[in-house]
Amino acid sequence: MELLFFNAFNGLIQGVFYALMALGLALILSLNSVINMAHGGFLVIGGYLAFTLTPYLGFWGALVVGPLLAGVIGLAVEQTLIRKLYKRADPLYSLLLTFGLALIIQDLTRTIWGAQGLPAAVPEALDRPLSSTLFFITGYRVVIIEITVAAAAGLYLLLRYTLVGIRIRAGTRDLESVAALGVNIYKLRALNFAMGCFFAGLAGALASGILGLTPPMGDSLLMPSFVAVIVGGVGSLGGAVLGGLLIGVAAGITTTYYPAASEAVIYFIMLVVLVIRPRGLMGQESVFE
Amino acid sequence: MNLRTAWTQRRYAVLILLWAALVTLPWWLPLVGSYSALGSKILIFGLATMGLNILFGFTGGLSFGQAAYFGIGAYGAGMTLKYLAPSTPLAILIGTLAGGVAAAILGPLVMRRRGIYFAMITIAIGQLFYFVAVRWNNVTGGEDGLAGFERQPLHFGHFTLALDQTRFYYLVLLCFTIGVVLMRGLLHSPLGHTWVAIRENRRRMEFLGVRTDLYVWASFAIAGLITGLAGTLNALLFNFTSPQDLHWILSGDFVMMIVLGGMRNFWGPLLGTAIFVVAQDYLSSITGNWMTFIGLIFVGIVLLFPKGLLGMVDRGKSST
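Residues numbered from 1 in each chain as written. Chains lettered and ligands numbered in written order. Predicted model: local features only at pLDDT ≥ 70, side-chain atom pairs only at ≥ 80, totals over all residues.

Caption draft 1: Structural context of the interface of chain B and chain A. Tallying the contact residues gives 32 residues for chain B and 34 residues for chain A. Where the side of chain B that touches chain A is concerned, the elements lending two or more residues are α6 (115-135), α12 (248-261) and α14 (290-304) of chain B. Broken down by element, the side of chain B that touches chain A gets its largest block of residues, 13 residues, from α6 of chain B. (Contact = placed C-beta atoms within 7 Å. Helix = DSSP H or I, 4+ residues; strand = E, 2+ residues; numbered from the N terminus.)

This is the structure in structure tokens:
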């Protein structure tokens, strides 16, 4: 029973990373109409920058600045490359472009920081278990969950109550009308893309303390995040979070009983959802069916 | 009319040159400083991308997970040789069918989706097979890949033909030719014209009463079949297959090869594949950072040559 709880909690932590990634992916997918294959790259950028900055800014400073820089790099990429593709109706080109970016980012990361993984340190005070029986619940893991909840809540408040947020939500429904009302949708999309990359970077900075840092780590988190978006429902941010947590915990529980299937179960859940409820758990009907 | 005849004549001339180049490839490839396994690889990947292009360029289904069927073919062939029977034709047959059947079974999950969602679901489904191959250790060899099988000599009655590198190239060329004839035939049939019509305006086809999802499903299954065939040949070429043959990076490479050559042209994918495979081979031999260069090629093609090389030549002509 304890083993089950242990694995389920590990799965929850993984699921938190999936959910953060999926949030960014879903943001970019719905307003920028881009499947960001480079999302894993932005995760790696956030993680490595946070690691590099830790000696200068301290753990907490790096945790904030690393993801922010990932967002800034995302903004630069959007301004120089992605925005040129908005006029092309075919989503193929943004897919290929971000795919190429993913290769470039992974390769440059390897060149700059080395192919070997880096051990990202967590402050001593956070690394201790909170109780002796539940040894796997360290302070750091609780912090991860808290930060994620705070980030998701912040995003929710932003989208719900601020003018920018309302414009973003309106833009996902009907971008042309928003543009016709005098909103500069190019700026809106740029900001949105940067926000998505920020979430990827945050996932990277948080994940480095648990998973360590390697150049291809983004790849292994990218695909489950796709699945999280599909399971949760394309077009629904809440769905993306729910999907991420669900597949994370499911993978964790599967580890208890049949470790070899722990990754495959994620895709199996997706297939089941696609058969039973093609729009995803929280997706809107019009988007997907 | 005159112009049109000129086009047709030039077209035949190019095709004759192409086939002549393919048939004589084992002689001239070493002369330009390459090796014949590279020729086989280009044809195999070319077959895969041309098969994918049935779905991608002609039906308009943005499949970004085609490596799955390539890998299923490869594992199907390898496992047939390793566990079932030492027969090359049987391995090709079983692997190809496995690719086609897998695509036919999964097709209903994607056939109603469009554009960006089609891409996302095909990517994710593709990864399922990747993890099965990685984790099902004792059968698939896991992360290290499936080894321990070898392509077997062909038997014709009392006559036995050992498959050395050159002879294997001709076997690949034979399979390639069969694939090309099949695809050509399909694209010129009513089925093929329906695919193109769906690509151009799916909604209109639906209003006309066409069950477009069934046609997309057929396209998906046939693309899976042809890619599976290519996968079997790839396994036989290297006497090895690994989970990398199922990975989404390979799927992305396939799509890039098609776009590079020109997705609206029947032969475009082959040209793109040839350039891509040679470039990858060359770049990885001169620099450790070849991934960056491949990535830059991606970005450059998307921004500068979105129609691909043959797409620029073909401008203004009909697409099939």
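Caption draft 2: Broad picture of α14 of chain B. The terminal C-alpha atoms of α14 of chain B lie 21 Å apart, and with 15 residues this matches the ideal 21 Å at 1.5 Å per residue to within 8%. Buried residues belonging to α14 of chain B abut α3 (92-113) of chain A together with α12 and α13 (268-286) of chain B. (Expected span 1.5 Å × (residues − 1).)

Caption draft 3: Layout of helix α11 (residues 264-276) of chain A. Taking 1.5 Å of rise per residue, the 13 residues of α11 of chain A would be expected to cover 18 Å, and the 18 Å separating its terminal C-alpha atoms lies within 8% of that figure. What α11 of chain A keeps buried is the set Ala264, Ile266, Tyr267, Ile269, Met270, Val273 and Leu274 of chain A. On its buried side, α11 of chain A packs onto α9 (217-232) and α10 (237-257) of chain A together with α5 (88-110) and α6 of chain B. (Buried ≥ 20, exposed ≤ 12 C-beta atoms within 10 Å, placed from the backbone.)

Caption draft 4: Region of interest: the environment of threonine 49 of chain B. Residues and elements named next belong to chain B. Here threonine 49 is to be found in helix α3 (residues 36-58). With 33 C-beta atoms counted inside 10 Å, the residue threonine 49 sits in the buried group. Distance in space between the C-alpha atoms of threonine 49 and threonine 160 is 32 Å, their sequence separation being 111 residues.

Caption draft 5: Region of the structure containing the packing of α3 of chain B against α13 of chain B. Residues and elements named next belong to chain B. Here α3 crosses α13 at 135 degrees, and the two axes come no closer than 8 Å. On the basis of their axis angle, the class for α3 and α13 is oblique. The two elements α3 and α13 meet at a crossing, and its hand is right-handed. Contacts between α3 and α13 involve Leu38, Lys41, Ile42, Phe45, Gly46, Thr49, Met50 and Asn53 on the former and, on the latter, Pro269, Leu270, Gly272, Thr273, Ala274, Val277 and Asp281. Partitioning the contact of α3 with α13 into residue classes produces 8 nonpolar, 5 polar and 2 charged. (Axes fitted to C-alpha atoms, helices over the stretch in contact; angles between N-to-C directions. Parallel < 35°, antiparallel > 145°, perpendicular 65-115°, else oblique. Left-handed = near helix turned anticlockwise from the far one by under 90°. Nonpolar A, V, L, I, M, F, W, Y, C, P; charged D, E, K, R; others polar.)

Caption draft 6: Expanded view of the packing of helix α6 (residues 163-173) of chain A against helix α8 (residues 185-211) of chain A. Residue and element names in this part refer to chain A. Between α6 and α8, the least distance of the axes is 11 Å, while the angle of their chain directions is 100 degrees. As summarised for this structure, α6 and α8 are arranged roughly perpendicular, according to the angle between their axes. On α8, the residues that touch Val164, Arg167, Ile168 and Gly171 of α6 are Ile185, Leu188, Leu191 and Asn192. A class-by-class count of the residues in the contact of α6 with α8 yields 5 nonpolar, 2 polar and 1 charged.

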